[in-house]
Amino acid sequence: MRISLFVALALSAQYAAAVTVDFDDLTLPANSYFSGPMPNSTVVAGPFGPQDVGTFSSGGVAFGNTYDETFGSWSGFAYSNMTDTTTPGFTNQYSAYALAGAGKFAVATGYLDRTANETQLFAFDPNDPTQLAQLPNLALPTGYEIESLDVTNTTYAALSMLNGDSFAKKFGGPTGNDPDYFKLTVYGTDSGGHTLPNSVDFYLADFRFANNALDYIVSNWTTVNLASLSAATHLYFNLSSSDDGDFGMNTPAYFAVDNVQIARVPEPASIVLLASALLCMATFVRRKA
């Protein structure tokens, strides 16, 4: 009985063991960021010149990053500890808008439009792996599955939606009645590179309510449950907005991520052993009764 109980407890702990990726294992000076090029990057030809394609890792999770050598720009994921919630505009693209929970986090930028336009001549297709590869993405360590992650707006995107800017509208419009939204959608692919049949939506801003008092722009770290994507080995993140123009989305295509929760996937034999141990325990308890 003691052996069965020990095995059951040990395997239960293994099955439930979770890792929180909080980016604290990355080195950053105070009030700073790093957006590339990553030390492990490979130089490839880009549309405007050389690009450095690489990753940075935290807690075993690899976050994709592309750095454009010509313009010094980037896409995919960067990491930061900046929390300036008052300065609008592109110069403040690395700050989280969350009013609490300061620390290191990841910032992502990049998206594909749902319909073709002047700058993107195709409609986004999540079943096309070449398109998914253009989105901010991460790779899970072998033997782990995704559970959840925390998300918030960047200050750049939040203040643009709150007040409008030279490119984007104020959400809600002059009357506050415009049904605007800013949405993050998470896709997953399995070990064979196939897109999972389901995806997860999270609204970073939502002004579609009949009662304008319910309209919101996310300003706190909010947990997004990704258990429905547990079969994924890679995750891909796309953004969409009600504020679109001839050249694509007008809302700044940024969001921030922290506390990526992953859990170890047990080996099938371990599951059988756990079930057997629990069955033995149940039988013993019935006999004692």
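The structure displayed is predicted, hence computed values, not measured ones.

### Here we look at the overall build of the protein
Stage number 1. Per the secondary structure count, the protein includes 4 helices and 17 strands.
Stage number 2. For the protein, the proportion of its 289 residues judged to be buried stands at 46%.
Stage number 3. Here the analysis covers contacts within the protein between residues at least 6 apart in sequence; of these, 69% occur between residues at least 24 apart.
Stage number 4. Of the roughly 14300 Å² of accessible surface on the protein, a fraction of 57% belongs to carbon and sulfur atoms.

### Thoughts on the nonpolar core
Stage number 1. Judged by nonpolar contacts, the single largest core of 48 residues is most densely connected at F63, F182, L226, L235 and F237.
Stage number 2. Once residues within four sequence positions are removed from consideration, L226 is found in contact with I146, E147, S148, L149, V186, V200 and L235.

### Section: the packing of aromatic side chains
Stage number 1. This structure, assessed with the given rule, holds 19 aromatic pairs.
Stage number 2. An aromatic cluster of at least three residues, connected via ring pairs, comprises F23, F34, F56, F63, F77, Y79, F237 and F255.
Stage number 3. A cation over a ring is seen here: R208 above Y203, with NZ or CZ 4.3 Å from the ring centre.

### A short note on the environment of N198
Stage number 1. Among the structural elements, N198 can be located in the loop between β10 (181–189) and β11 (200–206).
Stage number 2. For N198, a relative accessible area of 28% puts it in the partly exposed group.
Stage number 3. Sequence separation between N198 and L229 is 31 residues, and the spatial gap between their C-alpha atoms is 7.4 Å.
Stage number 4. If near-sequence neighbours (up to four positions away) are discounted, N198 is found in contact with S228 and L229.

### Examining the side chain of S160
Stage number 1. Within the fold, S160 resides in helix α3 (residues 155–163).
Stage number 2. Within the local environment of S160, its side chain forms a polar contact with the side chain of D165, the two groups lying 2.8 Å apart.
Stage number 3. Among residues more than four places away in sequence, those in contact with S160 are D165, A168, K169, K170 and P252.

### A few points about α3
Stage number 1. Within α3, 7 of the 9 residues are buried, which leaves the element mostly enclosed by the surrounding structure.
Stage number 2. Among the residues of α3, those classed as buried are T155, Y156, A157, A158, L159, S160 and M161.
Stage number 3. Looking at the buried side of α3, the elements it contacts are β10, β11, β12 (216–217) and β17 (254–264).

### Comments concerning the confidence of the model for the protein
The predicted coordinates of low-pLDDT regions are not to be read in fine detail.
Stage number 1. Scored by pLDDT, the protein has a mean of 90; 87% of the residues are at 70 or more.
Stage number 2. Scored below 50 in pLDDT, residues 1–15 shows 20 contacts in the model against residues more than four places distant or in partner chains.
Stage number 3. The low-confidence segment residues 270–275 (pLDDT under 50) makes 8 contacts with residues lying over four places distant or belonging to another chain.

### A word on the environment of N212
Stage number 1. Counting through the fold element by element, N212 comes out in the loop between β11 and β12.
Stage number 2. Take N212: its relative accessible area is 30%, and that puts it in the partly exposed class.
Stage number 3. Each C-alpha atom of the pair N212 and D178 lies 9.6 Å from the other, and the pair is 34 residues apart in sequence.
Stage number 4. Leaving out residues up to four positions away in the same chain, N212 has contacts with T175, G176 and N177.
Stage number 5. Within polar-contact distance, the side chain of N212 engages the backbone oxygen of G176 at 3.3 Å.

### Topic: the pattern of salt bridges
Stage number 1. One pass over the structure, following the stated rule, counts 5 salt bridges.
Stage number 2. One salt bridge connects K183 with D201, and the closest N-O pair in it is separated by 3.9 Å. Residue K183 is located in strand β10, and its partner D201 is located in strand β11; the two are separated by 18 residues in the primary sequence.
Stage number 3. The exposure class of D201 is partly exposed, given its relative accessible area of 42%.
Stage number 4. D206 serves as the salt-bridge partner of R208, at 2.8 Å between the closest nitrogen and oxygen.
Stage number 5. Relative accessible area serves as the criterion here: at 5%, D206 is assigned to the buried category.
Stage number 6. It is possible to trace a salt-bridge network through shared partners that takes in K169, D178 and D180.

Cut-offs and rules
- Residues numbered from 1 in each chain as written.
- Predicted model: local features only at pLDDT ≥ 70, side-chain atom pairs only at ≥ 80, totals over all residues.
- Heavy atoms only, no water.
- Helix = DSSP H or I, 4+ residues; strand = E, 2+ residues; numbered from the N terminus.
- Buried < 20%, exposed > 50% of the residue type's maximum accessible area, 1.4 Å probe, protein only.
- Contact = heavy atoms within 4.5 Å.
- Areas by Shrake-Rupley, 256 points an atom, 1.4 Å probe, with all protein chains shown as cover.
- Core = buried A, V, L, I, M, F, W, Y, C linked by side-chain atoms within 4.5 Å.
- Phe/Tyr/Trp six-rings, centres within 6.5 Å; stacked < 30°, edge-to-face > 60°.
- Lys NZ or Arg CZ within 6 Å of the ring centre and 35° of its normal.
- Polar contact = N/O pair within 3.5 Å; in protein donor to acceptor, adjacent residues only side chain to side chain.
- pLDDT = per-residue confidence, 0-100.
- Salt bridge = Lys/Arg side-chain N within 4 Å of Asp/Glu carboxyl O.

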